[in-house]
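A closer look at the structure
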Amino acid sequence: MFADGALEGTAAIVTGGGTNLGKAAAAELARCGASVVIAGRRSEVLEQAAAEIGSNCSFVAADIREREGAELIVGAALERHGRLDFLLNNAGGQYFVPAEGIALKGWRAVQRLNVGGTLAMCAAAYERAMRPAGSGMIVNVTVSPHHGMPAMAHTGAARAAVEALTRELAERWSPDGVSVATIAIGRFATESLRKYPGEVWRSAAATVPLQRLGDVLEYGWLVALLASPVGPAFSGSVITIDGALDNWTGRWPPEGLAQEGQVPTEERPAPGTMP
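Described below are features of the structure shown in this document. Given the structure is predicted, the values throughout are model-derived calculations rather than measurements. (Residues numbered from 1 in each chain as written. Predicted model: local features only at pLDDT ≥ 70, side-chain atom pairs only at ≥ 80, totals over all residues. Heavy atoms only, no water.)

Let's shift gears to the sheet that holds strand 7 (residues 238-241). As summarised here, the arrangement of the seven strands in space is 3-2-1-4-5-6-7, forming an open sheet in which the pairing is parallel. Single-partner strands in this sheet number two, and they are strand 3 (57-61) and strand 7. Averaged over all neighbouring strand pairs, the angle between strand axes comes to 20 degrees, with direction disregarded. In this sheet, strand 2 (residues 35-40) lies alongside strand 1 (residues 11-15) in parallel orientation, the contact comprising five bridges. (Pairing = 2+ DSSP bridges. Helix = DSSP H or I, 4+ residues; strand = E, 2+ residues; numbered from the N terminus. Axes fitted to C-alpha atoms, helices over the stretch in contact; angles between N-to-C directions.)

The structure is reproduced here in structure tokens:
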């Protein structure tokens, strides 16, 4: 979509950049010439992703849920590249469970990552890099559809909070030359989609009016557009990329998708273990 070198001379951070959509976005930014720092919690995953993306990409392992982790990530970008032009708050997560089955601990965990982590990264980027420079573009990531997703009430609430935060920060930080926007993603063909119950991911494309899943390259192209000089024009906006899923008001899950009329619950690992 974009010429090689279109983002030459810029520096970017992508949280959750080791896998799936984050990795695709980081790869496209790097292909366009940006110096990219990918961040996450698993060093081995990040190291492999950075090697695959190429010399324009480095990594830092840190936990965005902690302010110290966010500061570490932004500090790494400044130390390596002397600037930070673009932040993609791609990291996020949730699990599949009916609203009445959400435990308070699980609810807090989803809010802490999706809202708290996003806020921590925004604050660190703004205070340490973008406000002093008088410019910068921050892009947060939420989900579509906006009219409700059964078994996703916890993340729906969290992502709505992020979109409200985006609009507030876009207004508050505009005098300092800092722009903030949101990408609301629909259903993409990623490895993470398959962690949900089989009857859900196998029928995911059928719930999209475009009748296909999103391609991770399409996400990368949109991210690169927002990292370009036109990005600030979208400040305060929520840009939905979902194949018209947000316009779909039919039943979801559709007939035959739910198990005996019940929304399936994702199997969760025991406390203290990794999936």
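Continuing now.
Quick look at the pattern of salt bridges now. Counted according to the given criterion, the structure contains 10 salt bridges. Arg-31 is the partner of Asp-4 in a salt bridge, and the nearest nitrogen-oxygen pair spans 2.4 Å. Taken as a pair, Asp-4 in the segment before strand 1 and Arg-31 in helix 1 (residues 20-31) lie far apart in primary sequence, 27 residues in all. Note on Arg-31: relative accessible area 33%, which makes it partly exposed. (Salt bridge = Lys/Arg side-chain N within 4 Å of Asp/Glu carboxyl O. Buried < 20%, exposed > 50% of the residue type's maximum accessible area, 1.4 Å probe, protein only.)

With that out of the way, let us pick up the side chain of Thr-182. Tracing the backbone through its elements, the reader meets Thr-182 in strand 6 (residues 178-185). Overall, the relative accessible area of 0% leaves Thr-182 in the buried class. Separated by 2.6 Å, the side chains of Thr-182 and Thr-166 make a polar contact. Excluding its chain neighbours within four sequence positions, the residues that come into contact with Thr-182 are Asn-140, Thr-142, Val-162, Glu-163, Thr-166, Ser-237, Val-238 and Ile-239. (Polar contact = N/O pair within 3.5 Å; in protein donor to acceptor, adjacent residues only side chain to side chain. Contact = heavy atoms within 4.5 Å.)

Below, the discussion takes up the side chain of Thr-15. Considering the arrangement of structural elements, one finds Thr-15 in strand 1. A polar atom in the side chain of Thr-15 sits 3.0 Å from the backbone nitrogen of Ala-91. Not counting chain neighbours up to four residues away, the residues in contact with Thr-15 comprise Ala-39, Ile-64, Leu-88, Asn-89, Asn-90, Ala-91 and Met-121.

This paragraph deals with the packing of helix 1 against helix 2 (residues 43-53). Contact pair helix 1 / helix 2: the axes reach a minimum separation of 10 Å and the direction vectors enclose 35 degrees. Helix 1 and helix 2 meet at a crossing whose hand is right-handed. Counting all contacts with helix 1, which are made through Lys-23, Ala-26, Ala-27 and Ala-30, the residues of helix 2 involved are Ala-49, Glu-52 and Ile-53. (Left-handed = near helix turned anticlockwise from the far one by under 90°.)

Every α-helix carries 3.6 residues per turn, so stepping three or four residues along brings you back to the same face. Taking 1.5 Å per residue, 21 residues should reach 30 Å; helix 5 (residues 153-173) reaches 30 Å between its end C-alpha atoms and fits that length. Three or more residues of helix 5 are buried, namely His-154, Thr-155, Ala-158, Arg-159, Val-162, Glu-163, Leu-165, Thr-166, Leu-169, Ala-170 and Trp-173. Buried residues of helix 5, seen end-on, are gathered within an arc of 165 degrees and therefore sit on one face of the element. Every exposed residue of helix 5 that faces more than 90 degrees away from the buried side is listed here: Glu-171 and Arg-172. The inward-facing, buried residues of helix 5 abut helix 4 (104-133), strand 5 (136-143), strand 6 and strand 7. (Expected span 1.5 Å × (residues − 1). Arc of directions from axis to C-beta.)

Glancing now at the nonpolar core. Counting residues in each nonpolar core, the largest one holds 43 residues, and the members touching the most others are Leu-29, Ile-38, Phe-86, Leu-88, Ile-183, Ile-185 and Tyr-219. Broken down by element, this core gets its largest block of residues, six residues, from helix 7 (residues 216-227). Those residues in contact with Ile-183 that lie beyond four places of it in its chain are Val-139, Asn-140, Val-141, Thr-142, Tyr-219, Leu-222, Val-223, Leu-226, Ile-239 and Ile-241. By size, the runner-up hydrophobic cluster in this structure holds 30 residues, among which are Ala-62, Met-121, Tyr-126 and Ala-129. (Core = buried A, V, L, I, M, F, W, Y, C linked by side-chain atoms within 4.5 Å.)

This part takes up the packing of helix 3 (residues 67-81) against helix 4. Put simply, helix 3 and helix 4 touch, their axes get as near as 9 Å, and they point 45 degrees apart. Comparing the axis directions of helix 3 and helix 4 gives the class oblique. As helix 3 packs across helix 4, the resulting crossing turns out to be right-handed. Along the contact surface, helix 3 presents Arg-67, Ala-70, Glu-71, Ile-73, Val-74, Gly-75 and Leu-78, while helix 4 presents Ala-120, Met-121, Ala-123, Ala-124, Ala-125, Glu-127, Arg-128 and Ala-129. (Parallel < 35°, antiparallel > 145°, perpendicular 65-115°, else oblique.)

Purely spatial values, then, with no claim about function.
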